[in-house]
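# Notes for the structure review
For reference, the chains in residue letters:
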Amino acid sequence: SVVKMAKKVCIIGSGNWGSAIARIIGTNTAALDSFHTRVNMYVYEEMIDGQKLTEIINTKHENVKYLPGYTLPENVVAVPDLVEASKGADLLIFVVPHQFIRRLCSTLQNNIKPGAIGISLIKGMDHTDQGLQLISDVIRKMLNIVAVLMGANIASEVAAENFCETTIGCTKLENGQMFKNLLQAPNFRICVVTDPNTVEICGALKNIVACGAGFVSGLGLGDNTRAAVIRLGLMGNDEAFFPDNPPEIATFFESCGVADLVTTCYGGRNKRVSEAFVTQNKPIGELEAEMLNGQKLQGPETAMEVYKVLKTLNIAESEYPLFVSVYNIFFNNHPVSSFICLQEHPEHM
Ligand SMILES: NC(=O)C1=CN([C@@H]2O[C@H](COP(=O)(O)OP(=O)(O)OC[C@H]3O[C@@H](n4cnc5c(N)ncnc54)[C@H](O)[C@@H]3O)[C@@H](O)[C@H]2O)C=CC1
Ligand SMILES: O=C(CO)COP(=O)(O)O
């Protein structure tokens, strides 16, 4: 029967983006026979004015901390225990800040339904002694099939249902199409491509570029400089990040490519907080806590992970001055003015 075939969905994560996407997912699972209506959402528990966040979400149907002002569908149920939340789920939606994914995956290991498949909305990167590891690779250690979704999608604007686009990358088109059915909405339009690694690398690297765009604003440089940073950042998505297969150039024209760079470098959190890093001269962690109320920056940590990958390859400073400079400014006390080492960028030699 239809009910028997209906796929059970679990959202792993409930931050700013996790909550915005939960609005779309909950609406779609309630409307479509191919999905179970109820969606469990794993919520990292915390107390808000003496009350559990899961309880607030399940009674008020609003994530008052991470996406205030927007209701969540009532069929989205907050669950504080990850194993319980994901029990029996056929589809797992991974949407936590990338710094937490390893720990969550070790909890999930051996606890998920055989045959379950996942999609990662996480923008970030991981690093091992062997070099670069995508977040989807971390997840793939437990699940066979992992698609990714990345695009020009500032969460508050998606929650407000302003028109935007996004990209699903999945090697098997039919899985990509199934995730598209689950995630598309009238004002959240999805293109599916079969080149997931390019989609994911774009999503990870643009957060470092956004920090550079924030420096540019903080330094009082104008839109030409920001545009140059966006272009040089895009040009940095090259061989070092694709050791196995070269990227499909067409993927850079999807929402996950140029479009996400533009939105993040104008309005994203990484850009805003990096700008304040220049104008307020406080440590980046302090500004993150002050400005984001528990939301997490991905750019500074990704800069560190990327630096380690490039260092192993011995090409960091010479080939990737933009990424290296962001790393040195955050982690080695280099002055922000040194960001304009871009004058020596290999693109112009
Ligand atoms: N916010 C946005 O506009 C967009 C975010 N993304 C990506 O989505 C991913 C998730 O971002 P957001 O949902 O915005 O998260 P967020 O930035 O709102 O982070 C806060 C979340 O982290 C959780 N958390 C805190 N400590 C934790 C721990 N120790 N273990 C597990 N969870 C913990 C909090 O409970 C909360 O749910 C990131 O990779 C981000 O780059 C992608 C597109 C848009
Ligand atoms: O990924 C995003 C928009 O697509 C959000 O970027 P920030 O994390 O910099 O806000």
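Along each chain, residue indices are assigned from 1 in the same order as the chain's sequence is written. Chain letters and ligand numbers both follow the written order, the letters beginning at A and the numbers at 1. Only residues with pLDDT of at least 70 get local features here, since the model is predicted, and only at 80 or more are side-chain atom pairs given and counted; chain-wide, interface and lining totals rely on the full set of residues. With hydrogens and water stripped out, all remaining heavy atoms of the structure feed into the side-chain values.

### Focus: helix α16 (residues 321-331)
Inclusion rule: Relative accessibility thresholds used throughout: buried, under 20% of the residue-type maximum; exposed, over 50%; partly exposed, between the two (1.4 Å probe, protein chains only). What counts as a helix is a DSSP run of H or I of at least four residues, what counts as a strand is a run of E of at least two, and both are numbered from the N terminus. In what follows, a contact means two residues having at least one pair of non-hydrogen atoms within 4.5 Å.
Summarising burial for α16: 10 of the 11 residues are buried, a large majority. The set of residues buried in α16 consists of P321, L322, F323, V324, S325, V326, Y327, N328, I329 and F330. In this structure, the buried side of α16 is in contact with α9 (196-218), α10 (223-235), α12 (269-280), α13 (284-292), α14 (299-312) and α15 (316-319).

### Looking at the environment of H127
Along the chain, the position of H127 falls in strand β8 (residues 125-128). The spacing of H127 and N16 is 111 residues in sequence and 25 Å in space, taken between C-alpha atoms. Leave out the neighbours within four places in its chain, and H127 touches R102, E305, K308, V309 and T312.

### Some remarks on the site of ligand 1
Just so we agree on the cut-off: Neighbouring residues are identified by heavy atoms, a residue being near a molecule or strand if any of them is within 4 Å of it. In protein, a polar contact means a hydrogen-donor-capable atom and an acceptor-capable atom, both N or O and within 3.5 Å, with residues adjacent in sequence counting only if both atoms are side-chain atoms; elsewhere, any N or O pair within 3.5 Å suffices. In short, Shrake-Rupley with a 1.4 Å probe defines the accessible areas, and a residue's cover is counted only from the protein chains shown. A cavity here means a set of 1 Å grid points, computed over protein atoms only, where a 1.4 Å probe fits but cannot escape. A pocket is an open set with protein on both sides within 12 Å along at least 5 of 7 lines, and lining residues have an atom within 4 Å of a point. To decide whether a molecule occupies a pocket or cavity, check its atoms: if more than half lie within 2 Å of the grid points, it is inside. Domain start and end points were adopted from an automatic or database domain assignment.
Near ligand 1 you find 24 residues, and of these N16, A155, R269, K296 and Q298 are the closest. Within the backbone of G15, an N or O atom sits 3.1 Å from an oxygen atom of ligand 1. Here an oxygen atom of ligand 1 and a side-chain polar atom of Q298 are 2.8 Å apart. Taken by itself ligand 1 offers 840 Å² of open surface, and the protein chains cover 93% of this. The pocket occupied by ligand 1, as judged from atoms lying within 2 Å of grid points, is the largest pocket. Here the element with the most residues in the shell around ligand 1 is helix α2 (residues 16-31); it accounts for three residues. When residues of the shell around ligand 1 are sorted by domain, at least three fall in each of domain 1 (7-194) and domain 2 (198-348).

### Here we look at empty space enclosed by the protein
This is how it is decided: Grid points are joined across faces, edges and corners, and a volume is the space filled by probe spheres set on the points.
Under the counting rule described, the total for this entry stands at two cavities of 30 Å³ or more. Counted as a void, the largest cavity has a volume near 50 Å³. Among the secondary structure elements, those contributing two or more residues to the lining of the largest cavity are α10 and α16. If you tally residues by element for the lining of the largest cavity, the top one is α16, at three residues.

### Overview of the side chain of E62
As for its placement among the helices and strands, E62 is situated in the loop between α3 (53-60) and β5 (76-79). For E62, a relative accessible area of 15% corresponds to the buried category. Among residues more than four places away in sequence, those in contact with E62 are I56, I57, L67, P68, G69, Y70 and L72.

### What about the domain arrangement of the protein chain?
To keep it simple, the criterion reads: Joining two parts hides part of their accessible area as seen by a 1.4 Å probe, and the buried area is that hidden amount summed over both. Salt bridge, as used here: a side-chain nitrogen of Lys or Arg that lies within 4 Å of a carboxyl oxygen of Asp or Glu. For this classification, Asp, Glu, Lys and Arg are treated as charged, while Ala, Val, Leu, Ile, Met, Phe, Trp, Tyr, Cys and Pro are nonpolar and the rest, including Gly, are polar.
Segmenting the protein chain into domains produces domain 1 (7-194) and domain 2 (198-348). Taking only C-alpha atoms into account, the centre of domain 1 sits 25 Å from that of domain 2. Counting residues at the interface gives 28 residues for domain 1, matched by 32 residues for domain 2. If you sort the residues of domain 1 by the area they bury against domain 2, K123, M125 and H127 come out on top, with a joint share of 23%. There are one salt bridge connecting domain 1 and domain 2. Taking the shortest distance from any N to any O, the salt bridge between K123 and D260 comes out at 2.8 Å. Remark: the boundary between domain 1 and domain 2 carries 11 residue pairs in polar contact (both at pLDDT 80 or more). Mapped onto the side of domain 1 that touches domain 2, the elements with two or more residues apiece are β8, β9 (131-134), α6 (135-140), β10 (146-150), β11 (164-169) and β12 (188-193). Top contributing element to the side of domain 1 that touches domain 2 by residue count: β11, with four residues. Here the residues of the side of domain 1 that touches domain 2 are counted per class, giving 13 nonpolar, 12 polar and three charged.

### Considering the sheet that holds strand β1 (residues 7-12)
Test applied: Think of it this way: DSSP has to see at least two bridges between two strands before they count as a pair. Interaxial angle, 0 to 180 degrees, is taken between N-to-C directions of lines fitted to C-alpha atoms, where a helix line uses only the stretch in contact.
Here we have eight strands laid out as an open sheet, ordered β5-β2-β1-β6-β7-β10-β11-β12, and mixed in their pairing. Both outer strands of the open sheet, β5 and β12, are each paired with one neighbouring strand and no more. The average angle at which neighbouring strand axes cross in this sheet is 25 degrees, direction not considered. The sheet contact formed by strand β7 (residues 117-120) and β10 spans three bridges and is parallel. Residue pairing across strands places S120 opposite V148, the latter belonging to β10. The strands touched by α3 are β2 (35-42) and β5; relative to β5, the strand with the most contacts, the crossing angle is about 165 degrees. Most of the contacts of α9 go to β10, to which it runs at about 45 degrees, and overall it touches β10, β11 and β12.

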